[in-house]
Amino acid sequence: MSVEKIRQYMVDGDGESAVVMVKDMIAQGTPARDIMAGLTDEMAVLGQKFESFEVFLPDLMVAGDAFMQIMDVLKEHLVAAAGDKVRRTVVIGTVKGDYHDIGKNIVGIVLQANGFNVVDLGADVDPVAYLDAARKEKADAVGLSALMTTTMPGQEEFIKMVADAGEKGKFLICVGGAPTSVEWAERIGADVWSFDAFEFAAKLKKLLG
Amino acid sequence: MSTFRMWEVFAKAEDGPFYRDQAEWMIKSFIPNIKRVIKEHDVKYDGKTIVNCDDGLADRVWAAAKDFFISVGVYNQDTHRVMKFSEQEVNEVLYTKRPKYMVGAGHDQRWLQVRSIEDEECRPFHLFSPDANFSTDIHKKACMAYLKEPLLDGLCAPLIEDFMGRKATSQSPTEVAAAMEHAMNLRDAQRLVGKPDVWTVSVGTAETDQAQIAAANPAWGVRPSHLDGRMVSILTEMTTNNAMLNKAFHYRSYGNVFGNLCGAIYGGHAGGTEGTAILQTAYNIEGACLYGSCWALNFPFHLKWQSTTTRELLWLQSVLSQAMSRNSNQIFLNNLFANAGPATDQLYWECANHALATESSGGNPWGAATCRNKFTDRATPLESRFYHEVSESSFKMRLTRAQANEICQKIMEKYEKLIPIDNYGKTIQEVYDMERLTPRKEYLDQYWRMKDELSAMGVDFVY
């Protein structure tokens, strides 16, 4: 039994074996935070390998799935201590009328690998749903993905709605997706635009700390 | 003959196995099966080749694709059920696929048909398409500029971005109106350049089923039957929804010779080159079975660069084309998406490589889209002209796959390291005189220079 072994189970997508080992190790006194640190580190390694295409999305997905199974067990044992870094929360989704979600999915996994708490609303998300989730989760950022030029206006619609609701500035509004650009983001008043998930994670880390 | 048991197929959306969401189906079915077929059918990419010359590999990709499609089926997002097809059903569809269609009419009537590898008889079908948004005020002129091109067998016109000062938004009246305006502009443009009945694939501006249906009108809009083509998408990956099935039903009923638009993502759910090649090939089978489509437009693209001209993606398009040509009666075209923009040397190189990699493999060129498909007004008929001339020249020379690979390797050296760098070039207004709809001298000189450079590499241009 070891954190190394749990990391390997996670990489292999064997959430069940990982969960059994996690429970045993916690029962024997291993701090949950040590296990968590190992897993987060492994997800970051996977994220870097994905960026250079040494591994691909399926590898990230199966590891991410196992990671979430393990987190379900770990979270009740994790107690925030003084000096602990606060996990920032990001709400993500694909805008209304758009059913493409691969970009958003990759963003979710890469953000998790970088230590963010991710709330994924899925695809075809109404702007009101983003705002509701941002309020409920006390989000630090909201990320809106669009893969078609005819759904990009959904990003602008959300920004206008947030301003009308008097919530501008309470969280970062981030846009992305294949047809978007920094010029588009500036035109609609978004706070962040990123070329890909990795640039997004790096920007959020810099902006949110 | 051509089998599409439409209502039996649509019923599968209600009867198939249930998965709570697409992610669950991906993890339990899609990912394990793609890994399995790569291994069982021994599909491997060497990382270097651009034009495949291994017939056995092409056949194994086909076998893997058919195996994968039958094993996994198609996930319907609206009903949460997987639409599965038996081997018997797939075989029936594949056997009865029509290998040729007459499209267009009058002096612009053409055959759209199956080609073979190193085809000596059947020239490529040249579908010109910028696959980009154009400003509303120049849209009709842009259509005319493309339609003027001599090699054009068909056109997928540029998209309109705005309607009455508002951005065309999915599922709203602006999208419906913009789709109608697009269709009207295109019909006018065709008459004004003397190609009233050339085949056009319409209407790119219409993303939704309701906008597509609204733009269909024999008098002023998208025409029925063989006169105009349409497209319906496979959603990534191996996914559909009721809006897509609605489109398929409308196109079948309207009689269009319509296609299945499919782009597997390299680096996405199918993984690397091998998985993406199998998935992209499977998409051609899927479109025929799921939508009853008459042809397929293949645009497998790079997750990071959103282009189809990287080394591995050119190989993928060549092996996919060969897999299809050797094993099926299915008509398909190959979509070019370049990284660079108009009036850059890089764009010309990317166009040349895509044309050469696909023609000798039995493909048909569809292009040219530029600038990673990101910007308005950043595409021109001039690079499309070059792209299609290279494809036609490859055919006229009867270029073999081995010869094409040799030239492609030299061309790849010209731009492979430039791919990560943004190089978006010029707008159509800068490259073209938008009154006369002709290229400006500076850019025409560049076009001729690039032709000379490619000739020096061994491409004998038709004119």
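Since this is a predicted model, take the numbers as computed values, not measurements.

Undergrad: Break down the overall build of chain A for me, with residues and values.
TA: The number of helices and strands found in chain A is nine helices and five strands. For chain A, the sequential pattern of α-helices and β-strands runs α-α-α-α-β-α-β-α-β-α-β-α-β-α. Taking 2.2 N^0.38 as the reference for a compact globule, 209 residues should give roughly 17 Å; the C-alpha atoms of chain A span a radius of gyration of 18 Å, in line with that estimate. Expressed along its principal axes, the backbone C-alpha trace of chain A runs to roughly 55 × 35 × 25 Å. Going through the 209 residues of chain A one by one, you find that 49% of them count as buried. Summarising the internal contacts of chain A: among those between residues at least 6 apart in sequence, 73% fall at separations of at least 24.

Undergrad: Please provide a residue-by-residue account of the overall build of chain B, values included.
TA: Looking only at helices and strands, chain B has 15 helices and 22 strands in total. In summary, chain B has a C-alpha radius of gyration of 21 Å against a globular reference of 23 Å for 463 residues, a match within 12%. Taking the principal axes of the C-alpha coordinates as reference, chain B spans close to 60 × 50 × 40 Å. Counting over 463 residues, chain B shows a buried share of 61%. Put simply, of all contacts in chain B between residues at least 6 apart along the chain, 79% involve residues at least 24 apart.

Undergrad: For the interface of chain A and chain B, give the residues involved together with the corresponding values.
TA: Many descriptions give the size of an interface as the accessible area lost when the pieces come together. Listed per partner, the contact involves 20 residues of chain A and 26 residues of chain B. Tallying contributions element by element places helix H4 (residues 57-74) of chain A first for the side of chain A that touches chain B, with five residues. Residue classes in the side of chain A that touches chain B are distributed as 12 nonpolar, six polar and two charged.

Undergrad: Talk me through the domain arrangement of chain A; I want residue IDs and the actual numbers.
TA: All names here are of chain A. Assigned domains of chain A: these are domain 1 (3-77) and domain 2 (89-208). Between the C-alpha centres of domain 1 and domain 2 there is a distance of 26 Å. At the level of secondary structure, the elements contributing two or more residues to the side of domain 1 that touches domain 2 comprise helix H3 (32-51) and H4. Class assignment of the residues belonging to the side of domain 1 that touches domain 2 gives a composition of seven nonpolar, three polar and one charged.

Undergrad: Kindly report on the sheet that holds strand S4 (residues 172-176) of chain A, identifying the contributing residues and their values.
TA: Residues and elements named next belong to chain A. An order of S2-S1-S3-S4-S5 is seen for the five strands of this open sheet, with the pairing classed as parallel. Both edges of this open sheet fall to strand S2 (117-120) and strand S5 (192-193), since each of them pairs with a single strand only. Pairing of S4 with S5 involves two bridges; the strand directions are parallel. In the sheet register, valine 175 faces S5, and the bridge partner there is tryptophan 193.

Undergrad: I'd love a proper account of the confidence of the model for chain B, names of residues and values included.
TA: In low-pLDDT segments, the atomic positions of the prediction should not be examined closely. The predicted model of chain B averages 96 in pLDDT, with 100% of residues at 70 or higher. For this predicted complex, the interface score ipTM comes out at 0.81, while the overall pTM is 0.92.

Undergrad: Describe unusual backbone geometry, naming the residues involved and giving the relevant values.
TA: All names here are of chain B. Here the amide bond leading from threonine 236 into glutamate 237 is cis, since omega sits at -20°, within 30 degrees of zero. Among the secondary structure elements, glutamate 237 is positioned in the loop between strand S13 (231-233) and strand S14 (239-240). Omega for the bond connecting glycine 367 with alanine 368 falls within 30 degrees of zero, at 15°, which places this linkage in the cis form. Its place among the elements puts alanine 368 in strand S20 (residues 365-369). The phi torsion at histidine 80 lies on the positive side, around 60°, for a residue other than glycine. Relative to the elements of secondary structure, histidine 80 occurs in the loop between strand S1 (74-76) and strand S2 (81-83). Phi is positive for aspartate 377, which is not a glycine, with a value near 65°. With respect to the secondary-structure elements, aspartate 377 resides in the loop between S20 and helix H12 (381-397).

Undergrad: Please set out the nonpolar core residue by residue, giving values where relevant.
TA: Ranked by size, the top nonpolar core spans 210 residues in total, and within it B:Val61, B:Ile278 and B:Cys351 carry the most contacts. Split by domain, the residues of this core number at least three in each of domain 1 (3-77) and domain 2 (89-208) of chain A. Once you skip the residues sitting within four places of it in the chain, B:Cys351 turns out to touch B:Leu336, B:Ala338, B:Gly367, B:Ala368, B:Glu383, B:Phe386, B:Tyr387 and B:Val390.

Undergrad: Quick one: what's the story with helix H1 (residues 6-15) of chain B, residue by residue and with numbers?
TA: All names here are of chain B. All buried positions along H1 are accounted for by Val9, Lys12 and Ala13. Projected down its long axis, H1 carries its buried residues within an arc of 105°, all on one side. Summarising the geometry of H1, the exposed residues directed more than 90 degrees from the buried face are Trp7, Glu8, Ala11 and Glu14. Residues of H1 that are buried in the fold lie against S1, S2, helix H8 (242-254) and helix H9 (273-291).

Calculation rules
Residues numbered from 1 in each chain as written. Chains lettered and ligands numbered in written order. Predicted model: local features only at pLDDT ≥ 70, side-chain atom pairs only at ≥ 80, totals over all residues. Helix = DSSP H or I, 4+ residues; strand = E, 2+ residues; numbered from the N terminus. Rg over C-alpha atoms; globule rule 2.2 N^0.38 Å. Buried ≥ 20, exposed ≤ 12 C-beta atoms within 10 Å, placed from the backbone. Contact = placed C-beta atoms within 7 Å. Nonpolar A, V, L, I, M, F, W, Y, C, P; charged D, E, K, R; others polar. Domains from an automatic or database assignment. Pairing = 2+ DSSP bridges. pLDDT = per-residue confidence, 0-100. Core = buried A, V, L, I, M, F, W, Y, C linked by C-beta atoms within 7 Å. Arc of directions from axis to C-beta.

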